[in-house]
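One letter stands for each residue in the lines below.
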Amino acid sequence: MIKIKSDLCKGCDICIESCSKNVYTKSSKENKKGVYLPCPDNQENCNNCHLCELMCPDQAITVEKDESNKKSNVGDGSDKEDVEE
Ligand code: SF4
Ligand code: SF4
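The rules we used
- Residues numbered from 1 in each chain as written.
- Chains lettered and ligands numbered in written order.
- Predicted model: local features only at pLDDT ≥ 70, side-chain atom pairs only at ≥ 80, totals over all residues.
- Helix = DSSP H or I, 4+ residues; strand = E, 2+ residues; numbered from the N terminus.
- Contact = placed C-beta atoms within 7 Å.
- Buried ≥ 20, exposed ≤ 12 C-beta atoms within 10 Å, placed from the backbone.
- Core = buried A, V, L, I, M, F, W, Y, C linked by C-beta atoms within 7 Å.

Engineer: How would you explain the overall build of the protein if you had to name every residue and give the values?
Structural biologist: If you tally the helices and strands in the protein, you get two helices and four strands. What you see in the protein, going N to C, is helices and strands ordered as β-α-β-β-α-β.

Engineer: Quick one: what's the story with the environment of G11, residue by residue and with numbers?
Structural biologist: Checked against the element boundaries, G11 lands in the loop between strand 1 (2-4) and helix 1 (14-18). Sequence-distant contacts of G11, defined by excluding residues within four places in its chain, comprise V35, Y36 and L37.

Engineer: Before we move on, could you go through unusual backbone geometry and cite the residues and values that matter?
Structural biologist: Within the chain, N22 stands out as a residue other than glycine whose phi angle is a positive 55 degrees. Relative to the helices and strands, N22 resides in the loop between helix 1 and strand 2 (25-30). On the basis of neighbour counts, which here come to 10 C-beta atoms within 10 Å, the residue N22 falls in the exposed class. Positioned with a positive phi, Q59 is a non-glycine residue whose angle comes to about 50 degrees. Checked against the element boundaries, Q59 lands in the loop between helix 2 (51-55) and strand 4 (61-63). Judged by C-beta crowding, with 10 C-beta atoms within 10 Å, Q59 ranks as exposed.

Engineer: Which residues make up the nonpolar core, and what are the values?
Structural biologist: Taken as a class, soluble globular proteins show a tendency for nonpolar side chains to be buried jointly. Residues I4, C15, C52 and I61 are the most contacted members of the largest nonpolar core, which totals 15 residues. Those elements that place two or more of their residues in this core are strand 1, strand 3 (36-39) and strand 4. Apart from residues lying up to four places away in sequence, I61 is in contact with I2, I4, C15, C52, E53 and C56.

Below is the structure:
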């Protein structure tokens, strides 16, 4: 399971570019800073390498092993703190 803290994300896309499994896509949804968030749309491809988590300069990503939960969500621009699936 991949969680993205929408309030911390600055939309640098490092997570999208660093993931060799193409787990992330760019969302059309913005957070409250007007940033278009990454969306872990293809979580079924994730091998839990944690690279995206390590590469994120703002510690906005948490990768947890959870085989039973494959779908994902991104922030909706509201004041909600965390985004998870
Ligand atoms: S690397 Fe972190 S700050 Fe950059 S787009 Fe991904 S989640 Fe947001
Ligand atoms: S943990 Fe690895 S495979 Fe999974 S989304 Fe992050 S970079 Fe991609």
